[in-house]
Structure formats: C-alpha cells, structure tokens
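So the chains spell out like this:
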Amino acid sequence: MKRRGFYFLAVALFAVFGLASCSEEDDTVEEFPNWQARNDAFFNSLTDSVLNLLELNPARTDWKRIKSWSKSDSIEGSNSDYIIVKVIEEGDPASATPLYTDTVTVHYLGRLLPSVSYPYGYVFDQSYYGNYYDDVSKPLQMAIGNSGGNMLVDGFATALQHMRRGDHWMVYIPYQLGYGSQSQTGVPAYSTLIFDLRLVDFWSPVVQ
C-alpha cells in the first residue's frame, strides 16, 4: 500500500540515530531512550528539509508548513509553533475549511517516531480497525474546539482548520503542539505526533 511510504522520515530517524539503550543499573531495555532529544532533532531536521524544498520551488503544494491557530501571526515564531504537512491526496477544491467551532468527521491513525520495539512507530490511536482505512469504516465525529469534553491538541486542531473535504494528509506535530512534557496513555512526554488524517465532512453547530 502506498501510504507506508509516507513514514519514510520517521523510519530514517530510526536508521540514523539507532535506538537500543540499556539501563546502567540492570539489563532492562529502555523503550524511548533520549526521547526529547530525538524528537527535537527529528522535527527540526524535517522542518529544515521542507523549508529548503519550498525555497527551491515556492509553487509546490505537496508539502506545507502551517502555524498553530493559537499562535500570533504577527511574529515568525519557532519551529515548534508550526505543524508540517505532507499532502497525500487533495479533496474537493470548492470546499470551504472548518472553523474552530465546527464539528468534523475524520479518519485518522496516530503514531510515534520509531522506538526500540516499534520500528515503524507505536500506533497510539486510530479511528478504524485493522491496518488500513477502507470505505466501510465509520469515520469518527468530533468537535474541533471541544471533543467529548476534551480539547484537541493544538496541532491536530490546526490541521483540521486548513483541510477541505476529502483531503488526505500526513500531519507531523511537534510535542509543543501535542501533549508537551506530559505523558498520556501510550504516549510518552516529548513525543512528536504523526497523524495519517482524512477529513470526511464538517458542519457548523445549529444556532437555537
């Protein structure tokens, strides 16, 4: 399946840096060694590569660097203020894009960078069963600004507000726009989040 090719950047990190690390006190293998440094290095390298591509050809649309919706547009900001997007498939060019107050239906698969036991990155969440999305799978519904009482992470909410119906993106979110220095179930602190994301539909709330 072609979508596997879009994890090449994460896999490259595994090959370049290596991941095996043992505790000095025993022979226990650490699953996420030097995790913050590895994630910083990966995202900064990815950003540099994409900026170089866009500088060489500003007209290309297959890669995007998008500033977080929560950050000021008046200053340039740092790499951690932006998400990086690889456009896999373009949707309806006539479609509008969702607002922060809108509800969306999406398919997604979220994974981490490669670690000791997961050479393709640990899959921490997904909207469908099995390895790949198919037309039978039911998309997940969520409100961008308040999903089931929980706010979506900044990077995910940012991507959704720039997508059109039918868009299929690979979204790279720095940990500063993800879960930051706090660990979540299945996601260690300082984790870059990589989402295979499809926007199926969206709508505005009904005003009573």
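Refer to the preceding data block for the structure.
About the thresholds
- Residues numbered from 1 in each chain as written.
- Predicted model: local features only at pLDDT ≥ 70, side-chain atom pairs only at ≥ 80, totals over all residues.
- Heavy atoms only, no water.
- Salt bridge = Lys/Arg side-chain N within 4 Å of Asp/Glu carboxyl O.
- Helix = DSSP H or I, 4+ residues; strand = E, 2+ residues; numbered from the N terminus.
- Buried < 20%, exposed > 50% of the residue type's maximum accessible area, 1.4 Å probe, protein only.
- Pairing = 2+ DSSP bridges.

Participant: Would you mind showing me how to read the pattern of salt bridges here?
Facilitator: Side-chain pairs of opposite charge can arise where the charged atoms are in close proximity. Evaluated as defined, the whole model comprises six salt bridges. The residue Glu-76 makes a salt bridge to Arg-65 at a minimum N-O spacing of 3.4 Å. Taken together, the residues span a long stretch of sequence, with Glu-76 in the loop between strand S1 (63-67) and strand S2 (82-89) and Arg-65 in strand S1 at a distance of 11 residues. The exposure class of Glu-76 is exposed, given its relative accessible area of 52%. Here Arg-165 and Asp-201 are joined by a salt bridge, their closest N and O atoms 2.6 Å apart. Of this pair, Arg-165 sits in the loop between helix H3 (154-160) and strand S6 (168-173) while Asp-201 sits in strand S7 (residues 193-203), and the two are 36 residues apart along the sequence. Arg-165 gets classed as partly exposed once you look at its relative accessible area, which sits at 29%. Of the residues examined, Asp-201 reaches a relative accessible area of 29% and is grouped as partly exposed.

Participant: How do you make sense of the pairing of S7 when you look at a structure like this?
Facilitator: Regular strands have side chains that alternate between both faces of the sheet. Counting buried positions over the 11 residues of S7 gives eight, a clear majority of the element. Pairing of strand S3 (residues 103-111) with S7, which is carried by nine bridges, proceeds in the antiparallel orientation. From the neighbouring strand, Leu-109 faces S7, where its bridge partner is Asp-196. Pairing between S6 and S7: six bridges, direction antiparallel. Across the sheet, Met-170 pairs through a bridge with Asp-196, a residue of S7.

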